[in-house]
Protein chains: 2
Amino acid sequence: MSLRLILVGFGNVGRGFLRVLNEKRETLERKHDLEISLVAVIRRRGVLVDENGLRISELLERESELRWIDENPLDVIREIDADVLVECSPTNVETGEPGLSYIYTALESGKHVITSNKGPLAVDFWGLKKAAARRGLELRFEATVGGAIPIFSTLRSSLRGDEIISIRGILNGTTNYILSRMCKEGLSLELVLREAQELGIAESDPTYDIEAIDPAAKLVILANEILGMDARFQDVKRIGISRITAEAARMAMKHGYKIKLIAIAEEERLEVSPRLIPQGHPMDVDGTLNVISLKTDLAREITLVGPGAGPRETASALINDLIDVSLAVRS
Amino acid sequence: MSLRLILVGFGNVGRGFLRVLNEKRETLERKHDLEISLVAVIRRRGVLVDENGLRISELLERESELRWIDENPLDVIREIDADVLVECSPTNVETGEPGLSYIYTALESGKHVITSNKGPLAVDFWGLKKAAARRGLELRFEATVGGAIPIFSTLRSSLRGDEIISIRGILNGTTNYILSRMCKEGLSLELVLREAQELGIAESDPTYDIEAIDPAAKLVILANEILGMDARFQDVKRIGISRITAEAARMAMKHGYKIKLIAIAEEERLEVSPRLIPQGHPMDVDGTLNVISLKTDLAREITLVGPGAGPRETASALINDLIDVSLAVRS
């Protein structure tokens, strides 16, 4: 079968997705009987459309030489003949825009949606889910939480006799990197943050990470999808890591613990805050890794660990979602 | 829909499965439209049959009062009208028996099979897979590796665009418990083993664990199913933990490592042996927990952690397999 794609967002994630799509073209056809045709790309400044399919390698290598035209993205999403919108635009957890409008427009014009953007889901999770369900369309968002960790796809085929009681996780790689180094090397937050910024692990404005905004948005998506909650970003109690001192990290280490920024979703509680984790515990994972741990009535506790970000890692999730959509379209 | 089950093996795993099946009866019906009827139980001494369905609570509470009859298990498996054999008999990694004959007999008489017994699969993986495929029957074995860790079911719906390059794991809870305590407390193998035996974590004959026989059998199943290898138990290079000293454990800890019994499957290598794992690494997990880590081309490394044994934990895997079988039967 073949699927026609529109990509919105041509940053690291969007480009990474196209690169992997190109690389996996043969595998997708052979293993999944899936042929992909990219019919439009929407970036901040301009749109590229070819109803016969854009050449991905050309797009990646000679972006600036191509004829990007000035059109309204919403019109393109609405009017182009396509099956799936792949939505990789930048995150805004307060308004969900511009992703929110992109996704609604795609669903309203009968297109399935795959997104890596947590903003729209943190703002209007059930509105989006219902809009998709009403039209029998797929809305997949594996890439929004935990990077390459396949949490949502895992739960579609695993632990189906279990009752999931609660979720705990390390959902932000930047703060995990910072806390790991503070604990291991006894360094101050300021110093490690500066180095992380130089390495490109932290952004120049680190507020989303340090103030736990990013993991709180991800927690909302986990809680709604897995525990069936009706949570929004504002419902999450947030305590960031800005007050963690080198001394606190050193004391934790000395007593067999580490300080981690832990997100928790359970009955009556939605919270992201720094906590002590015993060394050797499944959530004691260093560097930029993310962790998602499910407490259940039978399996007790199942923990998934993986890279929390990165263009290829995010593409792993997007491609798996794409295969899911193709299976849903077939059935 | 309804499924008729035969259970073979009435030890901890078999009983735990029945207990959970009873407890989840209402959930299975409501959430999965699945009604289960247990038509026969085969234990070492005797068989209990009721084509109208045995009462599970009676079976669990008044086992000795029931009329177990002396029949050939293979005849029962062959002749009773049932849809699924749930095979929980004891493991023998050299012959695969008695499980191997039970499973072949079930498949030959048109019954799907769910097993928690690694013996048959370690001995004759592809023979069994082909026998099932030839007849369009399901053969599920989530419970054979990593206890409640849903590794096989996860890979059926996740990481499908990724190429799995290699597998590493801690596949034996007993030795992980022993090594964890040796590292943390600086104790000798003999001492910790004796305590583990008193706690029921290690068996009175600990050879299967200490000599890495149990994890080697599990590695064969992982390598065949996930990497498509054609491996048998004899192909695994095995080094147990009997030579690990308290001094070695102490030295590892001092330099920021732990000693773990690691199973590895990759091109040209199948091995279980003690290795140094950096503290804070996803495989640095203490106690009786198991770990399975997949290296892939896109997601880099995805690690799953969970309880490696226990009757309820194993039932989590068996019940999920049962739901899988019911879905396959329907489609």
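All of these numbers come straight from a predicted model, not from anything done at the bench.

Further remarks concern helix α1 (residues 12-23) of chain A. In this model α1 of chain A runs 16 Å from its N-terminal to its C-terminal C-alpha over 12 residues, within 8% of the 16 Å that 1.5 Å per residue would give. Next to the buried residues of α1 of chain A lie β1 (2-8), α2 (25-32), β2 (35-43), α3 (56-61), β4 (84-87) and α13 (311-330) of chain A.

Before going further, it helps to examine the packing of aromatic side chains. All names here are of chain A. The final tally for this structure, using the stated rule, is eight aromatic pairs over all chains. Geometrically, the ring pair formed by phenylalanine 125 and phenylalanine 141 is edge-to-face, given 5.7 Å between the ring centres and 75° between the ring planes. Note that phenylalanine 125 is positioned in helix α6 (residues 118-134) and phenylalanine 141 in the loop between β6 (139-140) and α7 (151-157), a separation of 16 residues in sequence. Three or more aromatic residues link up through ring pairs in this structure, and these residues are Phe125, Trp126, Phe141 and Phe152. Arginine 43 extends its terminal NZ or CZ atom over the ring of tryptophan 68, reaching a point 3.9 Å from the ring centre.

To continue, consider the sheet that holds strand β9 (residues 257-266) of chain B. Where strands meet in a sheet, backbone hydrogen bonds hold them as pairs that are either parallel or antiparallel. The mixed open sheet is built from 12 strands, whose spatial order is β8(A)-β10(A)-β9(A)-β7(A)-β11(A)-β12(A)-β12(B)-β11(B)-β7(B)-β9(B)-β10(B)-β8(B). The strands lining the two open edges of the sheet, one partner per strand, are β8 (237-238) of chain A together with β8 (237-238) of chain B. Both β8 of chain A and strand β10 (residues 269-278) of chain A contribute to a ladder of two bridges, which runs parallel. If you follow arginine 238 of chain A over to β10 of chain A, its bridge partner there is valine 272 of chain A.

Another aspect to go through is the interface of chain B and chain A. One frequently used descriptor of interface size is the decrease in accessible area upon assembly of the parts. Contact with chain B, which involves 45 residues of that partner, is made by 45 residues of chain A. Both sides of the chain B and chain A interface together cover about 3500 Å² of buried area, and 48% of this is carbon and sulfur. The three residues of chain B that bury the most area against chain A are Arg160, Leu298 and Val305 of chain B, which together make up 19% of that side's buried surface. Summed over the shared surface of chain B and chain A, the result is six salt bridges. Across the pair aspartate 324 of chain B and arginine 160 of chain A runs a salt bridge whose closest N-O atoms are separated by 2.8 Å. Where chain B packs against chain A, one counts 31 residue pairs in polar contact (both at pLDDT 80 or more). Elements supplying a minimum of two residues to the side of chain B that touches chain A: α7 (151-157), β12 (301-307) and α13 (311-330) of chain B.

Another point: the relation of the copies chain B and chain A. Once turned by 180° and shifted 0.0 Å along the axis, chain B lies on chain A with an RMSD of 0.0 Å. Classification of the inter-copy transformation places it as that of a two-fold axis. Comparing contact sets, 100% of the residues at the interface of chain B also lie at the interface in chain A, consistent with an isologous, same-surface contact.

Attention now moves to the environment of isoleucine 213 of chain B. If you trace the backbone, isoleucine 213 of chain B turns up in helix α11 (residues 213-227). Spatially, the C-alpha atoms of isoleucine 213 of chain B and leucine 318 of chain B are 23 Å apart, while their sequence positions differ by 105 residues.

Once that is clear, we can look at the packing of helix α8 (residues 173-185) of chain B against helix α9 (residues 189-198) of chain B. Residues and elements named next belong to chain B. With their axes 9 Å apart at the nearest point, α8 and α9 run at an angle of 130° to one another. Judged by the angle between their axes, α8 and α9 are oblique. Relative to α9, α8 is oriented so that their crossing is right-handed. Contacts between α8 and α9 involve Tyr177, Ile178, Arg181 and Met182 on the former and, on the latter, Leu189, Val192, Leu193, Glu195 and Ala196. Tallied by class, residues from the contact of α8 with α9 come to seven nonpolar, no polar and two charged.

All names here are of chain A. Cis geometry is adopted by the peptide bond preceding proline 98, which originates at glutamate 97 and carries an omega value of 5°. Relative to the helices and strands, proline 98 is located in the loop between β4 and α5 (99-108). The phi angle at aspartate 33 is positive, at roughly 50°, despite the residue not being glycine. Tracing the sequence through the fold places aspartate 33 in the loop between α2 and β2. Given a relative accessible area of 44%, aspartate 33 falls into the partly exposed group. The residue leucine 159 is not glycine, and still its phi comes out positive at about 55°. Mapped onto the secondary structure, leucine 159 falls in the loop between α7 and β7 (164-170).

The rules behind these values
Residues numbered from 1 in each chain as written. Chains lettered and ligands numbered in written order. Predicted model: local features only at pLDDT ≥ 70, side-chain atom pairs only at ≥ 80, totals over all residues. Heavy atoms only, no water. Helix = DSSP H or I, 4+ residues; strand = E, 2+ residues; numbered from the N terminus. Expected span 1.5 Å × (residues − 1). Contact = heavy atoms within 4.5 Å. Phe/Tyr/Trp six-rings, centres within 6.5 Å; stacked < 30°, edge-to-face > 60°. Lys NZ or Arg CZ within 6 Å of the ring centre and 35° of its normal. Pairing = 2+ DSSP bridges. Buried area = accessible area lost by both parts, 1.4 Å probe. Salt bridge = Lys/Arg side-chain N within 4 Å of Asp/Glu carboxyl O. Polar contact = N/O pair within 3.5 Å; in protein donor to acceptor, adjacent residues only side chain to side chain. Least-squares fit on C-alpha atoms with pLDDT ≥ 70 in both. Axes fitted to C-alpha atoms, helices over the stretch in contact; angles between N-to-C directions. Parallel < 35°, antiparallel > 145°, perpendicular 65-115°, else oblique. Left-handed = near helix turned anticlockwise from the far one by under 90°. Nonpolar A, V, L, I, M, F, W, Y, C, P; charged D, E, K, R; others polar. Buried < 20%, exposed > 50% of the residue type's maximum accessible area, 1.4 Å probe, protein only.

The values reported here are purely geometric and, on their own, carry no functional implication.
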